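A look at the structure
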Amino acid sequence: MKFAISIVLLVSLVPLNAQQLKIGVISDFDQSPKLETILGQMLQEVDQTAGSSRKVSLGATTFGVSNMGSAQRAYRQLDGQVDLVIALGSVTAKGLSLVSDLPTPVVALGIIDPELQEIPYVNGSSGKQNFTYIWQTKDLEKELEAFNKIHDFNKVVVFVDEKAASTVNQQKARDLMDSLSKKLNTQLSIIPVGTNMEEAINQLPAETDAAYFTVLLSQTESQLQWLVKRLNDRKIPTFSGNARLLHYGVLGSMANENDLQQVIRKLAIMTDEIASGSDLSSMPVTLDTKDNLHVNIATAQKIELSIPFEVLFTATLTGNDDRAVKTYSFEEIAEKALAENLNIQISYQDVELSEVQVKSVRANLLPSIESSLLASQINEERANAVFNNPEQALTANVTFTQLLYSEQAIAALKISEYLQKAQEYQTEAEVLRILFDTYTAYLNVLSAKTNVLIQRENLLNTRKNRELAEIRVGIGTSNNADLYRWESELALANQSVIDAQTRLLAAKLQLNTLLANTLESEYDVKDLSLTDDLFEAFSQGPLAEVVKTPESLRIVSDFLVTESQRQNPNKKALLESTNAVNRQLTQSKRSLYVPTIALQAQTSQVLGRGGAGSSIDAGTMALGITELPDNSWFAGVSLSLPIFSGFGRNAAIQQSKVSLYQLDHSQTLLDQQLELGVRAGVLDLLSTSTNIRYSRSASESALENFELVQENYRQGQVSITQLIDAQQTALQARLASAFSIYEYIQAHLQLEFNVGFFMMLVPEEQLQDFNHRLQHYLNNQN
């Protein structure tokens, strides 16, 4: 009912004096909302093409034609009732082609192959009075070769519409399958498909490893989805000449997504020509759609099929939007670098080791208390109670030692503290370097992603240009030289896409490696644009507005050079290392005349005696010794000063002096490198900031020029060389414009890295302090 109302509304908009054009429809297919929608699109396109000069309306319709006789009877019933008959489906088309006399013009849709169906075909037209059709030329061999690129099959079933199969010469069909089987080195078999999908599945030969769908129009969407699902459950790769089956889960398709619209458009043009009196028998019947390879990634994953890289890189991929791929922002990547990067973790551990080293050195200045237990045995002849020297003894000792003054120990502590501070600055420098490398890797991924998209667009443009060349060759305005050149350009464009994809994979691997491979195997990063908060933070930062003139460029560069030489962590680490060597030199000089002073005390307690000399005998008592003492102690202060150490102290002094000269040169070199990096960075930042605007303008102009030259090439007004040049210029300009944003951010990060901190990571107070110093410096210079 809604379909009828829409047709009435369409007719009501046509002027009353327009010429009547009533169209009848005979269809193999049962009436359905989807078929009514397609018919509505056809009538609307016909009406728009005819314009206000004709009043297009839908006449009688016949649906569900089951055989050629029924189609012929339905046609005869329309005689005199309509001005044109549209035959939908192979059965109706074949049936009406067999009618010797067709009083009402017929346009047939659903032709598989005129030769196989034995439908009239003479030099690109029907050659039959009042009969024409639209034949979407499909190269089955080409499509199976494309399928074979996705999956190396051995045994393929070809599903064909049961009604369409009844219109084909069976012997010719078998001969075609045998010929293709031999060419492709595979085994092809045909399975007709009606409305019983279970029956079609049961006909699958054993060891079937691939399935190809011809155009199936007699089946409902749910039936086709059921059939595709059963094949996917069996992990049998599928391919179709119809792009719409991709949405049902078919693995691949060599088709054009707009093929139905192209058929409707050609039908409208043919209808207008017929109404104007054109001869149907001489109308061109072929419709050559330019098909592209499509691959359903979701299906490939479901059937566990690994798609070759060449296909992944050049085909149009569908079904991958539903995959849960984690996307990381610029800030998230920085946080993961700080938490996961192994170089940073190692450097943090170096700081811990330096702290432990300080504690170890400080221990030399602290008191030392040592206890010991000595069990001794001497020969009997030496044992003597007079000297409290028993043959056997067990003695406990406690020793206390304290350095009162040691230049070497004091210097070692101070040096270790300097070196600890130097290590902290080196770690800070390492963190800065890793963050810069991570930011650079992030931007490299974005550049690689953008390059893939632009190279794919260039591939599509090259395909379109080849199609234009084919048209020019077809109408005689060009020769095959253009086609060969475009085939060469197409091969180069395909390789450029492959190169771009591999560079993207490499860039992602590099970024993941910097993060200790903690990212998912498949991840994405958030793009940056002119409206992104991060870009605005850079473009509106403290350095963005001050560099306007050569003088301001010099002033800002001078300020940043001073800042970098003052607070760059590498410079601070060198200063601490210099302090350490200076202290080492002082210690070496003082060791020539400053002694080491130490306090030592010890107490001993005899816990047991035995053997000779362990007790007082008469001889011992005669000497006035009445008991053997068990406890003894001593305390003393020692002063030590080396007199001669083989000139080692003088060598240490010379070594420290050489190290100081070396460190002084290192500081000078680092200052020069920082100054060069900062001044070059400011210039690069100035260049990249203006490049954003100019590269965008160049890209827009190059694109407009390319489109104009492309149209002129289509009309035969320019040569292929001019078109290739315009296309390459547009490609390079597009890449330059896309990369300009990343290059600007990279320049900003490089400058901040040379100065010694990243503005996005420092606390707000530190950033405000930097801004105040900058403004103060600018004010003083003015």
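Moving on, we come to the pairing of strand E16 (residues 392–405). Inspection of the sheet shows strand E15 (residues 368–377) paired to E16 by 10 bridges, in the antiparallel sense. In the sheet register, Ser376 faces E16, and the bridge partner there is Ala393. Note: E16 against strand E18 (residues 596–610), 13 bridges, orientation antiparallel. What sits directly across from Ala393, in E18, is Arg609.

A word on the sheet that holds strand E19 (residues 631–640). With antiparallel pairing, the four strands of this open sheet are ordered in space as E15-E16-E18-E19. Looking at the sheet topology across the chains shown, the edges are occupied by E15 and E19. Ignoring strand direction, the axes of neighbouring strands in this sheet form an average angle of 20°.

All right, on to the packing of helix H19 (residues 550–567) against helix H24 (residues 764–781) then. Where H19 contacts H24, the axes come no closer than 10 Å and their chain directions differ by 135°. Taken as axis vectors, H19 and H24 run oblique relative to one another. Regarding H19 and H24, the two cross each other, and that crossing is right-handed. Each of Arg554, Ile555, Val556, Asp558, Phe559, Leu560, Glu563, Arg566 and Gln567 in H19 lies in contact with H24, whose residues at this interface are Phe770, Arg773, Leu774, Tyr777, Leu778 and Gln781. Its residues assigned to classes, the contact of H19 with H24 comprises eight nonpolar, two polar and five charged.

This part is about the pattern of salt bridges. Evaluation of the coordinates by the stated rule reveals 30 salt bridges. Arg590 is the partner of Glu407 in a salt bridge, and the nearest nitrogen-oxygen pair spans 3.3 Å. Taken together, the residues span a long stretch of sequence, with Glu407 in helix H16 (residues 407–475) and Arg590 in helix H20 (residues 569–590) at a distance of 183 residues. Look at Arg590 and you get partly exposed, because its relative accessible area is 33%. With its nearest N and O atoms 3.0 Å apart, the salt bridge here joins Asp437 to Arg433. Taken together, the residues span about one helical turn, with Asp437 and Arg433 both in helix H16 at a distance of four residues. It is possible to trace a salt-bridge network through shared partners that takes in Glu551, Arg554, Asp558, Glu675 and Arg679.

With that out of the way, let us pick up the packing of aromatic side chains. The final tally for this structure, using the stated rule, is 16 aromatic pairs. Judged by centre distance (6.3 Å) and plane angle (20°), the ring pair of Tyr212 and Phe239 falls under stacked. Placement of Tyr212 in strand E8 (residues 210–213) and of Phe239 in strand E9 (residues 238–240) is noted, with a sequence separation of 27 residues between them. This pair shows no difference in class: Tyr212 is buried, exactly as Phe239 is. Aromatic pair Trp486 and Tyr713: ring centres 6.4 Å apart, planes at 75°, arrangement edge-to-face. Note that Trp486 is positioned in helix H17 (residues 480–514) and Tyr713 in helix H22 (residues 648–714), a separation of 227 residues in sequence. A network of ring pairs unites the aromatic residues Phe147, Phe153, Tyr212 and Phe239 as a single cluster. Above the plane of the ring of Tyr328 lies Lys326, whose end atom (NZ or CZ) is 5.4 Å from the centre.

Here is what the cut-offs are and how they apply
Residues numbered from 1 in each chain as written. Predicted model: local features only at pLDDT ≥ 70, side-chain atom pairs only at ≥ 80, totals over all residues. Heavy atoms only, no water. Pairing = 2+ DSSP bridges. Helix = DSSP H or I, 4+ residues; strand = E, 2+ residues; numbered from the N terminus. Axes fitted to C-alpha atoms, helices over the stretch in contact; angles between N-to-C directions. Parallel < 35°, antiparallel > 145°, perpendicular 65-115°, else oblique. Left-handed = near helix turned anticlockwise from the far one by under 90°. Contact = heavy atoms within 4.5 Å. Nonpolar A, V, L, I, M, F, W, Y, C, P; charged D, E, K, R; others polar. Salt bridge = Lys/Arg side-chain N within 4 Å of Asp/Glu carboxyl O. Buried < 20%, exposed > 50% of the residue type's maximum accessible area, 1.4 Å probe, protein only. Phe/Tyr/Trp six-rings, centres within 6.5 Å; stacked < 30°, edge-to-face > 60°. Lys NZ or Arg CZ within 6 Å of the ring centre and 35° of its normal.

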